[in-house]
Amino acid sequence: MFRAFLTATKIQTRIGIKEKPCLNLHGNLPSFQCALGKNQVRRKSSIRQAPLLTASPVRALMDEQICIKGRFLPPLSPITVYAQMHSEDGDLWESFAHYNTNSSGSINLTSDHSVGGSYVGCEPMGLFWGLHPAPGQREGLRLRKNNVESPYTIHISLLEGHISPRAGQVTELAAVTTERWYMAPGERRIEIRQNGIVGTLFLPPGPGPFPAMLDLFGMVGGLLEHRSALLASRGYASLSLAYFGHKDLPGPEKCINVGDSYFKKAFHFLQDHSQIDGDRIGVTGVSFGAYLTLRIGIQIGVKPSCLICINGPIGSVSKLVDESGRTENFESDQKHWTFDDQGRVSFRKVSLPSNIPAKNKVKVENLTCPLMYIVGEDDLGASSLETADLMEETLRSAGKSHLFTRLSYPGAGHFIEPPYAPNERMSLWSIKPQKLMSIWGGHPAPHAAAQEDSWKKILDFLESNLRR
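The present account deals with the structure reproduced in this document.

Thresholds applied
- Residues numbered from 1 in each chain as written.
- Predicted model: local features only at pLDDT ≥ 70, side-chain atom pairs only at ≥ 80, totals over all residues.
- Heavy atoms only, no water.
- Helix = DSSP H or I, 4+ residues; strand = E, 2+ residues; numbered from the N terminus.
- Rg over C-alpha atoms; globule rule 2.2 N^0.38 Å.
- Buried < 20%, exposed > 50% of the residue type's maximum accessible area, 1.4 Å probe, protein only.
- Contact = heavy atoms within 4.5 Å.
- Areas by Shrake-Rupley, 256 points an atom, 1.4 Å probe, with all protein chains shown as cover.
- Lys, Arg positive; Asp, Glu negative; His and termini not counted.
- Charge placed at Lys NZ, Arg CZ, Asp CG, Glu CD.
- Pairing = 2+ DSSP bridges.
- 1 Å grid on protein atoms, 1.4 Å probe; cavity = no way out; pocket = protein on both sides within 12 Å on 5 of 7 lines; lining within 4 Å.
- Points joined across faces, edges and corners; volume = space filled by probe spheres on them.
- Nonpolar A, V, L, I, M, F, W, Y, C, P; charged D, E, K, R; others polar.
- Salt bridge = Lys/Arg side-chain N within 4 Å of Asp/Glu carboxyl O.

### Quick notes on the overall build of the chain
When helices and strands are tallied, the chain shows eight helices and 23 strands. In terms of overall size, the chain behaves like a compact globule, its C-alpha atoms giving a radius of gyration of 24 Å where 468 residues would be expected to give roughly 23 Å. Across its three principal directions, the C-alpha atoms of the chain cover 85 × 50 × 40 Å. Expressed as a percentage of the 468 residues in the chain, the buried residues total 54%. A fraction of 71% describes how many contacts in the chain between residues 6 or more apart in sequence connect residues 24 or more apart. Only carbon and sulfur atoms are counted for the fraction: they give 51% of the accessible area of the chain, which is about 21,100 Å². Here the chain contributes 50 positively and 45 negatively charged side chains, and the mean placements of these two sets differ by 4 Å.

### Side note on the sheet that holds strand S7 (residues 107-108)
As summarised here, the arrangement of the three strands in space is S2-S4-S7, forming an open sheet in which the pairing is antiparallel. Each having just a single partner strand, strand S2 (52-56) and S7 make up the two edges of the open sheet. In this structure, strand S4 (residues 67-71) lies alongside S7, joined through two bridges in antiparallel fashion. Looking at the pairing, Gly70 lines up with Ile107 of S7.

### Looking at empty space enclosed by the protein
For the structure on display, the rule yields five cavities of 30 Å³ or more. Taken as a whole, the largest cavity encloses approximately 270 Å³ of empty space. Each residue belonging to the lining of the largest cavity can be placed in one class, and the counts come to 14 nonpolar, two polar and six charged. Put simply, the second largest cavity is a space of about 70 Å³. Forming the walls of the second largest cavity are Phe217, Gly218, Gly221, Gly222, Leu223, Leu224, Ser240, Leu241, Ala242, Tyr243 and Phe244.

### Digging into the pattern of salt bridges
This structure, assessed with the given rule, holds 27 salt bridges. A salt bridge links Arg280 to Asp277; the nearest nitrogen and oxygen atoms lie 2.7 Å apart. Where salt bridges share partners, they join Asp389, Glu392, Glu393, Arg396 and Arg406 into one cluster.

Here it is as structure tokens:
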């Protein structure tokens, strides 16, 4: 068994509690004057160049870092870097950070520290994971990419002084626009509506055959494609699979009306595809999708090469109506829902192993392939810590500790996504019969650190189990 923790010390460093000087990328370079030679004189122009803001690369995948630099600014002066973008629903998201220019009038977000704003410390991608709904936007928003064939377009600008961008009139000194993509050039997106399967297949560039993933989300329902798109950009064919809450699936809503045979057909679809290596297929899921990942991998008669579960239960949190896994309405039993003093609901206790009937639990002791389980220690949407502890002990007792990898992240919440996506601690759960907000946990900087670290380890895990 392998366990990894993002330590509190590292988290503190990420959020600036104990700031350390960042690497000066220019400290060891010879001075420009020396480069000119001893007998040459550097001439100074009386014309002051306009401030310049650059982002490199301007177009990048969502999990790639970019380098943001400001130049030709007043030396040793306060500067605000401001990012804004509109979601696909038209809502404005923004972030900002306060920096101080160096003696040459430059800032570099890769190496410099923010001293205030949406984040503090040396955070090269803080403007991206620090995005949040601007004042006046709708309540309870979560940023979600529905059309992965288009990018997020983010406008970044330099503002004079240390200011809040909405505090009044501001002076924009320079600006640049960046694009963030889930799909790589040459990647293919294929809608799947066959043999009852509802999903979207993403194929990497090239003929294959590729290793593949079956990708499942949670009780948000519908069809979310962004993780599959990004996996394909990293060389893995990926089928994003809907299993409830979609117009092409049987109703009623808020029930799972497909059983084990549906997931088995989806797995076989990947096995039989001409551009997929049928012996190298994994399954991944978050939240309720993590339970389904365990169920698919252990008890429906298929043999995946590996499983990845993110913040999910060990069994169905809804009453099963038959042995194939179909469920009653998710909201029919609210016995374990808890509410804070503002009336926001947490589903954490719903998935406590002790609150899940034994017949609903997956028999983890029957695991036959490597399993990675990712824990956000501030998860308020599922009892991930308790679930991980139970699985760890069960597998140890079964002599299968070598199959289990546990990643645990202090300060991270429920929705651990690919890197640099913003986290919202709460979001709108429902509007009928009454408006209800749900709380998911997670603090911005440690949650961002968890997303960055876990994605790297996920890709390493897939490399070890699907490529070697």
